[in-house]
Amino acid sequence: MAEITAGMVKELREKTDAPMMECKKALTEAAGDMAKAEEILRVKLGNKASKAATRVTTEGVTGIYIAEDGKLGAILEVNCETDFVAKNEDFLALVKKSVELAATKAPADVAALSALPLGEGTVESTRAALVGRIGENMSLRRFQRLEAQGKLYSYIHGGAKIGVLLDLVGGEAQLGKDIAMHIAASKPKALDTSGVDAAQIETERRIALGKAKESGKPEAMLEKIAEGSVQKFLKEVTLLGQVFIKAEDGKETIEQLLKKKGASVAAFVLYVVGEGLEKKVSDFAAEVAAQAAAAKKE
């Protein structure tokens, strides 16, 4: 049997926010397989076991550029250490100039973007000089460039912590703005089911089966229950399957709205600042001692 170390328990705890003892039990059951242990926790504890994935602590902003004709645009995330710097005029100017370069010069990646001319030097030399002047590190993390099939629309929320770039084919400007706002609020992972990773779908199916078994559902109903859960999951994570946040009846989906308006979405990009970068800081030793003491009292 694989040795379950304190480091493994800590890693799973940080990923899931599940109680430490539950993390240890899950790792033991999974023979040390971290991904399998996370699945086990989700079966036992539900979605709250993955809530840590939604926390964002890294500072910075998203910048968006759209050409006047709405046919070309880009979205860029630039990170920094504190929210104070994220509001600095020079920092925001760097973001604005960099995202315009990302759109108009079509660099292959962040390294190529950083090497582009800017001012008296390059994007990178401008960034480095700003770091030296402010005394806080900052970095260009990622960008995406879109050449529209229709017309580009954008939405910025929460002090530029969330940014959306949308390619809408057909429809009017208000529709583009509304759908971009919906994306920022509902955070779909893909346009439709074809864009959802097959492995993720199978994971959801296994979790649904596990939950159904845990609750004592009849064997003959397990597959049907699992399929229902998968379809519910797909509606929640795909833009076309989501209920429009401004739907008057509370039921109209984005797909139905687009059909009514004679429009379609060719593509969208959603950036949440710091997504996937956050590190939970906690006194792990103190937590171990506290839970061990609590266990002795039981």
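All values derive from a computational prediction rather than experimental measurement.

Engineer: Would you mind showing me how to read helix α11 (residues 254-261) here?
Structural biologist: Side chains of residues three or four places apart in an α-helix project in the same direction, reflecting 3.6 residues per turn. Buried residues of α11: I254, L257 and L258, and no others. The arc enclosing the buried residues of α11, seen along the axis, measures out at 95°, which places them on a common side. Of the residues in α11, the exposed ones pointing more than 90 degrees away from the buried face are K259 and K260. The secondary structure elements touched by the buried residues of α11 are β7 (162-169), α8 (173-186) and β8 (264-272). G262 lies just past α11 and shows a positive phi near 65°.

Engineer: Mind showing me how you'd approach the pairing of strand β1 (residues 59-66) here?
Structural biologist: In the case of a regular strand, side chains alternate between the two sheet surfaces. Where β1 meets strand β2 (residues 72-80), eight bridges bridge the pair, whose relative direction is antiparallel. By the bridge assignment, Y65 is partnered in β2 with A74. As consecutive antiparallel partners, β1 and β2 are separated by five residues, and within that stretch G70 has a phi angle of approximately 75°, a positive value.

Engineer: For this particular structure, what's the right way to read helix α10 (residues 222-237)?
Structural biologist: Here α10 contains 16 residues, and its C-alpha end-to-end distance of 23 Å stays within 8% of the 22 Å for a straight helix at 1.5 Å per residue. Its buried side turned inward, α10 meets α9 (198-214).

Engineer: Just to check I follow, could you spell out the sheet that holds strand β5 (residues 138-147) for this structure?
Structural biologist: Taken in spatial order, the three strands make up an open sheet running β1-β2-β5, and their pairing is antiparallel. Here the strands that pair on one side only, and so sit at the sheet edges, are β1 and β5. Averaged over all pairs of adjacent strands, the angle between their axes in this sheet comes to 15°, without regard to strand direction. On top of the sheet, helix α5 (residues 89-105) reaches β1, β2 and β5; it is set at about 140° to β2, its chief contact.

Engineer: Quick question: what am I supposed to make of the nonpolar core here?
Structural biologist: Residues L76, F91, L113 and V123 are the most contacted members of the largest nonpolar core, which totals 25 residues. Of all the elements in the fold, those that place two or more residues in this core are β2, α4 (83-86), α5, α7 (123-134) and β5. Sorting elements by how many residues they give to this core places α5 first, with seven residues. Ignoring any residue separated from it by four or fewer positions in sequence, one finds L113 in contact with L76, S98, L101, A102, P107, V123, L140 and F143. Membership of the second largest hydrophobic core comes to 22 residues, among which are L166, L240, L258 and L270.

Engineer: Could you clarify how one ought to interpret the side chain of S98 in this entry?
Structural biologist: Of note, S98 is situated in helix α5. Overall, S98 belongs to the buried group, its relative accessible area being 0%.

Engineer: What exactly am I supposed to notice about the side chain of R127 here?
Structural biologist: You can see R127 is positioned in helix α7. You can call R127 buried: its relative accessible area is 16%. Every residue in contact with R127, bar those within four places of it in the chain, is listed here: L94, N137, M138, S139 and L140.

Engineer: Explain the packing of helix α1 (residues 6-16) against helix α2 (residues 20-29) to me, please; I cannot follow it from the model alone.
Structural biologist: Geometry of a packed helix pair, given as the angle between the helix axes and the separation of the axes. Two elements in contact, α1 and α2, have axes whose closest approach is 9 Å; the angle formed by their N-to-C orientations is 115°. Classified by the angle their axes make, α1 and α2 are roughly perpendicular. Seen along the crossing, α1 lies across α2 with a hand that is right-handed. Side by side, α1 and α2 meet where M8, V9, L12, R13 and T16 of the first sit next to M20, C23, K24, A26 and L27 of the second.

The rules behind the values
Residues numbered from 1 in each chain as written. Predicted model: local features only at pLDDT ≥ 70, side-chain atom pairs only at ≥ 80, totals over all residues. Heavy atoms only, no water. Buried < 20%, exposed > 50% of the residue type's maximum accessible area, 1.4 Å probe, protein only. Helix = DSSP H or I, 4+ residues; strand = E, 2+ residues; numbered from the N terminus. Arc of directions from axis to C-beta. Contact = heavy atoms within 4.5 Å. Pairing = 2+ DSSP bridges. Expected span 1.5 Å × (residues − 1). Axes fitted to C-alpha atoms, helices over the stretch in contact; angles between N-to-C directions. Core = buried A, V, L, I, M, F, W, Y, C linked by side-chain atoms within 4.5 Å. Parallel < 35°, antiparallel > 145°, perpendicular 65-115°, else oblique. Left-handed = near helix turned anticlockwise from the far one by under 90°.

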